[in-house]
Amino acid sequence: MLPISIAAALQAEFPQLHSPELVQRLSAEATAKSLAEGEILSHPGTYLTAIPLVLSGSLKVLRQSEEGHDLFLYYLTPGQTCAMALSCCGSAAPSELLLVAEEATEVVLVPVQLFDALMSYPDWKQFVAMTYAQRFHELLGTIDSIAFQKMDVRLADYLETKARQLRTRTLTQTHQEIATELGTSREVISRLLKQMEKTNQLRLHRNRLELL
């Protein structure tokens, strides 16, 4: 169910956007939208029509290769937005990321036409700067993980992050889906999951696993 008003939703999840003039403008020109699990909000190569502000649920951000392979980068959670969306809207460039609803998710969509005007509000400008800084550090962490961590460590971190995000210890994912998001093969993931089961870190079931 969508929030009663965008103003109330912003006050609850984005308290840093506090100036009455900014909230009034967003309430008047932004729209609220519900996304089903798995629904795609942005494809690579397409131009964004709106900046998503996450109210509930989560969006999964992936980098997609020319061959169509996906690499998981990070989640967008309530109170957050996508730095790449801000960048693309500010420079009128196409998206370079895939945004997918990890679960049932509610967002406020801010039209790209508002981007330049919103930068005149100090609280919005600070929010954009903080978003860039946060995502930069998260991307550095992703790069460090790919470059310096072994796949077994990356897999364990990935599973724990997903479990925290979905607030469950039982994940319904195939080995191929995990392998795709970690940029490796299904055989490697299957072997590592079996090793984790032997050391009592998880239990494997058909198309799902239980973290212990």
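The structure we're discussing is the one just above.
Residues numbered from 1 in each chain as written. Predicted model: local features only at pLDDT ≥ 70, side-chain atom pairs only at ≥ 80, totals over all residues. Heavy atoms only, no water.

Draft legend 1. Representation of unusual backbone geometry within the structure. The phi dihedral of Arg-167 is positive, around 55 degrees, even though this residue is not glycine. Its relative accessible area of 61% is what places Arg-167 among the exposed residues. Notably, Asn-207 is not glycine yet its phi reads approximately 60 degrees, a positive angle. With respect to the secondary-structure elements, Asn-207 resides in the loop between β9 (202-205) and β10 (208-211). Residue class for Asn-207 comes out partly exposed when judged on its relative accessible area of 46%. (Buried < 20%, exposed > 50% of the residue type's maximum accessible area, 1.4 Å probe, protein only. Helix = DSSP H or I, 4+ residues; strand = E, 2+ residues; numbered from the N terminus.)

Draft legend 2. Region of interest: the sheet that holds strand β6 (residues 97-101). With antiparallel pairing, the 4 strands of this open sheet are ordered in space as β2-β6-β4-β5. Whereas interior strands pair on both sides, the edge strands pair on one side only; in this sheet they are β2 (40-42) and β5 (70-76). Strand-to-strand, the axes of this sheet are offset by a mean angle of 30 degrees, without reference to chain direction. Here 5 bridges tie strand β4 (residues 59-64) to β6, and the two strands are oriented antiparallel to one another. Across the sheet, residue Lys-60 finds its bridge partner in β6, namely Val-100. The sheet contacts of helix α6 (residues 151-166) involve β4 and β5, and relative to β5 the element is tilted by about 40 degrees. (Pairing = 2+ DSSP bridges. Axes fitted to C-alpha atoms, helices over the stretch in contact; angles between N-to-C directions. Contact = heavy atoms within 4.5 Å.)

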